[in-house]
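Given next are the chains, with one letter for each unit.
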Amino acid sequence: MESMNQKGKNVQKKKGGIVTMPFIFANEICEKLAVVGFSTNMISYLTTQLHLPLTKAANTLTNFGGTAAMTPLLGAFIADAFAGRFWTITAASIIYQIGMISLTISAVVPKLRPPTCDGKTRTCEEADSGQLAVLYVSLLLTALGSGGIRPCVVSFGADQFDENDPEQKTATWKFFNWYYFCMGASILVANTVIVYVQDNVGWGWGLGIPAIAMALSVVAFVFGYPLYRVVDPAGSPFTRLVQVAAAAWRKRKVAGCDGGGALLYENESIDAPISVGGKLVHTDSMKFLDKAAIVTDKDNPKSPNPWQLSTVHRVEELKTLIRMGPIWAAGILLITAAAQQNTFSLQQAKSMNRHLTGNFQIPPASMSVFTQTSMLSTILLYDRIFVPIARKFTGLDRGISFLTRIGIGFVISLLATLAAGFIELRRKSSAGAHGLLDRPHETIPISVFWLAPQYCLHGVAEAFMSIGHLEFFYDQAPESMRSTAPALFWLSISAGSYTSTLLITLVHKYSAGPGGSNWLPDDNLNRGKLEYLYWLITLLQFLNLIYYVICAKFYTFKPVQIRESDDGRQKEDGVELTGHV
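On a predicted model such as this, the values are computed, not experimentally measured, just so you know. (Residues numbered from 1 in each chain as written. Predicted model: local features only at pLDDT ≥ 70, side-chain atom pairs only at ≥ 80, totals over all residues. Heavy atoms only, no water.)

A. Representation of the overall build of the protein in the model. Looking only at helices and strands, one finds 20 helices and 5 strands in the protein. Here the protein holds 581 residues, and the buried ones make up 55% of them. Surface summary for the protein: the accessible area is close to 24,800 Å², and the carbon and sulfur share equals 65%. (Helix = DSSP H or I, 4+ residues; strand = E, 2+ residues; numbered from the N terminus. Buried < 20%, exposed > 50% of the residue type's maximum accessible area, 1.4 Å probe, protein only. Areas by Shrake-Rupley, 256 points an atom, 1.4 Å probe, with all protein chains shown as cover.)

B. Molecular detail of helix α19 (residues 484-510). In a regular helix each residue adds 1.5 Å, so 27 residues correspond to 39 Å; α19 covers 38 Å between its end C-alpha atoms and thus fits that length. In terms of residue burial, α19 counts as a mostly covered element, since 19 of its 27 residues are buried. (Expected span 1.5 Å × (residues − 1).)

C. Layout of the side chain of Thr-417. Looking at the element boundaries, Thr-417 is found in helix α17 (residues 402-433). Within polar-contact distance, the side chain of Thr-417 engages the side chain of Gln-541 at 3.0 Å. If sequence neighbours within four positions are ignored, Thr-417 has contacts with Ala-337, His-458, Tyr-534, Trp-535, Ile-537, Thr-538 and Gln-541. (Polar contact = N/O pair within 3.5 Å; in protein donor to acceptor, adjacent residues only side chain to side chain. Contact = heavy atoms within 4.5 Å.)

D. Structural context of a nonpolar patch on the surface. The grouping of Leu-539, Phe-542, Leu-543, Ile-546, Ile-550 and Phe-554 at the surface amounts to a nonpolar patch, some 630 Å² of accessible area in total. Within the secondary structure, Phe-542 sits in helix α20 (residues 530-553). (Patch = residues over 30% accessible without salt bridge, like charges linked within 9 Å, V, L, I, M, F, W, Y side chains within 5 Å. Salt bridge = Lys/Arg side-chain N within 4 Å of Asp/Glu carboxyl O.)

E. Representation of the nonpolar core within the structure. Judged by nonpolar contacts, the single largest core of 92 residues is most densely connected at Phe-175, Tyr-179, Tyr-180 and Phe-472. In terms of residue count, the dominant contributor to this core is helix α8 (residues 166-200) (10 residues). Non-local contacts of Phe-175, meaning those with residues more than four positions away in its chain, are made with Met-21, Phe-25, Val-154, Gly-157, Ala-158 and Phe-161. In terms of nonpolar packing, the next biggest core, distinct from the first, is built from 35 residues, Ala-57, Leu-103, Ile-504 and Leu-530 among them. (Core = buried A, V, L, I, M, F, W, Y, C linked by side-chain atoms within 4.5 Å.)

F. Representation of the environment of Pro-363 within the structure. Checked against the element boundaries, Pro-363 lands in the loop between β2 (352-353) and α16 (369-394). Separated by 14 residues in sequence, Pro-363 and Ala-349 have C-alpha atoms that sit 8.6 Å apart.

G. Highlighting the pairing of strand β3 (residues 444-447). Along β3, the buried face is formed by Ile-444 and Ile-446; none of Pro-445 and Ser-447, which line the opposite face, is buried. Here β2 pairs with β3 via 2 bridges, running parallel. Residue Met-352 lies in a different strand from β3, and its bridge partner there is Ile-444. (Pairing = 2+ DSSP bridges.)

H. Up close: the environment of Met-183. Structurally, the position occupied by Met-183 is in helix α8. Residue Met-183 is classed as buried on the basis of its relative accessible area, which comes to 5%. In the structure, Met-183 is positioned 155 residues away from Glu-28 in sequence and 6.4 Å away in space, judged by C-alpha atoms. Met-183 has contacts with Glu-28 and Lys-32, leaving out every residue within four places of it along the chain.

I. Looking closely at the confidence of the model for the protein. Looking at the protein, pLDDT values average 80 and 89% of them are 70 or higher. When mean pLDDT is taken per element in the protein, α20 scores highest with 94 and helix α1 (residues 2-9) scores lowest with 43. Segment residues 1-13: pLDDT under 50, and 19 contacts once partners within four positions in sequence are set aside and those in other chains are kept. Confidence over residues 565-577 falls short of pLDDT 50; this stretch has 24 contacts with residues more than four positions distant or in other chains. (pLDDT = per-residue confidence, 0-100.)

J. Structural view of helix α5 (residues 72-83). Taking 1.5 Å of rise per residue, the 12 residues of α5 would be expected to cover 16 Å, yet its terminal C-alpha atoms sit only 14 Å apart, more than 12% below that figure. When α5 is considered as a whole, its buried residues turn out to be Pro-72, Gly-75, Ala-76, Ala-79, Asp-80 and Ala-81. Phi for Gly-84, located one or two positions after α5, is positive at around 85°.

K. Broad picture of unusual backbone geometry. In this structure, Met-286 takes a positive phi of about 50° despite not being glycine. One can find Met-286 in the loop between β1 (278-280) and α12 (287-290). In this structure Met-286 comes out as buried when scored by relative accessible area, which is 19%.

L. Seen up close, the packing of aromatic side chains. Inspection of every chain in the model, using the stated rule, returns 23 aromatic pairs. With centroids separated by 6.5 Å and ring planes inclined at 35°, the aromatic side chains of Tyr-532 and Trp-535 adopt a geometry described as tilted. A residue pair is termed a helical-turn pair when its members lie 3 or 4 positions apart in one helix, as Tyr-532 and Trp-535 do in helix α20 at 3 residues. The class for Trp-535 is partly exposed, based on a relative accessible area of 25%. Linked through ring pairs, Phe-86, Trp-87, Phe-156, Phe-221, Tyr-225 and Tyr-228 together constitute an aromatic cluster. Between Arg-405 and the ring centre of Tyr-382, over which it is positioned, the NZ or CZ distance is 3.8 Å. (Phe/Tyr/Trp six-rings, centres within 6.5 Å; stacked < 30°, edge-to-face > 60°. Lys NZ or Arg CZ within 6 Å of the ring centre and 35° of its normal.)

Following this line, the structure appears as structure tokens:
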């Protein structure tokens, strides 16, 4: 009986813990160094090396970002259904490595990129279909690789802590802070060292170094395998969700139960592999889904057909994901706002005075160092100062709830885009005062550090909103969908990127006026109305903030019935609202 219980837990209990963090963080640092090392400055590569128009290059990047943020759903499915998180991360890292090597080769081999621009006529030949095909295949491979890495690394790290141990459970939310800190630190290096190499040494080394970093990340991660606490996959979570929906539809005409959850179907032996930490308790919302757990004369409770009869736990899994939907959707516009940093904000920086000394100037893409520095500083201050103070007032271990943390991030992001509009007015005013409005290739004598406030505000917003979002997904997602939870986080990034593409496309199309005027001109930002785009995003974020406050106020936290501890006693009354701890 003891061996069966151990098998039911599907976990190597004696492994894991803080000792595994160096290997996981080393993987994350090297992987992010590779990802950001080639993506941050990619707008420059597309416009200066492949000679794509600005709007086409911007949309290519946001489309790639959107695709790369959608593939985590596929990676999460593979990890949760049959491969497990460790092997999914390993295989995906190799696929990503192939994409990086392909992209590096395309930057080195002259035939894989168009010839340099004619210096006299300033005419540039755009990359042909074959050269773009190499680019798109390389980007696709990196997107597929990211799909296996992104949803699994953070969940795999959190797996190393036992949620049934109060001390380790507290360490779990700290892990999210330090995970994001390590990620931010590697991004900071990528935005400075790697970008400098790309702009001043060459794109061969500029892409080759991230490729080497990716190889090191695979080695570091695999090296720690003997120490990891590995959770076995519990079967496809998506299949279970579809089964609940199908069962509820088939029984849509069956009368509901008046006795609440007490009369609905329960089967602990069936649910044991997907409820190691605790069983989801019946809730009164979305009662039409409860019909999936009503036992009829056609059902066999001892050996149920999952397409006709579901347990309460499985019904509540679907309810939980549906309840998470509105909070998930609220995060899309923050990503849309932040996406402008790597496109139009970078183009603003290109036009401004970037000299620190007479001979050294900051690469435009390195302006995001302000985002990363402010994000890292905020995480440190949040963890070391803000949380202990807030804990005295709220009584919560994490200081404030993740819903409050997300809301603070939304407010700060709104302020970032509001400020960005006024800073753009200042930039164009300087260009007009020096007669440079129609000379887009000349440097405007205004310091690039005018852009620092908007970059810093975006970094602070990310420290609050993105980490809060990640905590929310991991905490509130059903236990068996812990890879799916970060995938939802990346899916919101995907939706935000695609929303940015749609917004830019619509603004570019409908703001076109006589004489070639446009809010977002392809060749001369000085004659555009970029500030209007920033303020349009600000308005959308304000409406989104109101929507989020309403959703957060009425959100129902996931109720879990905690399983018995090793000494046979249950924690408290056995039921816990996970979002309150």
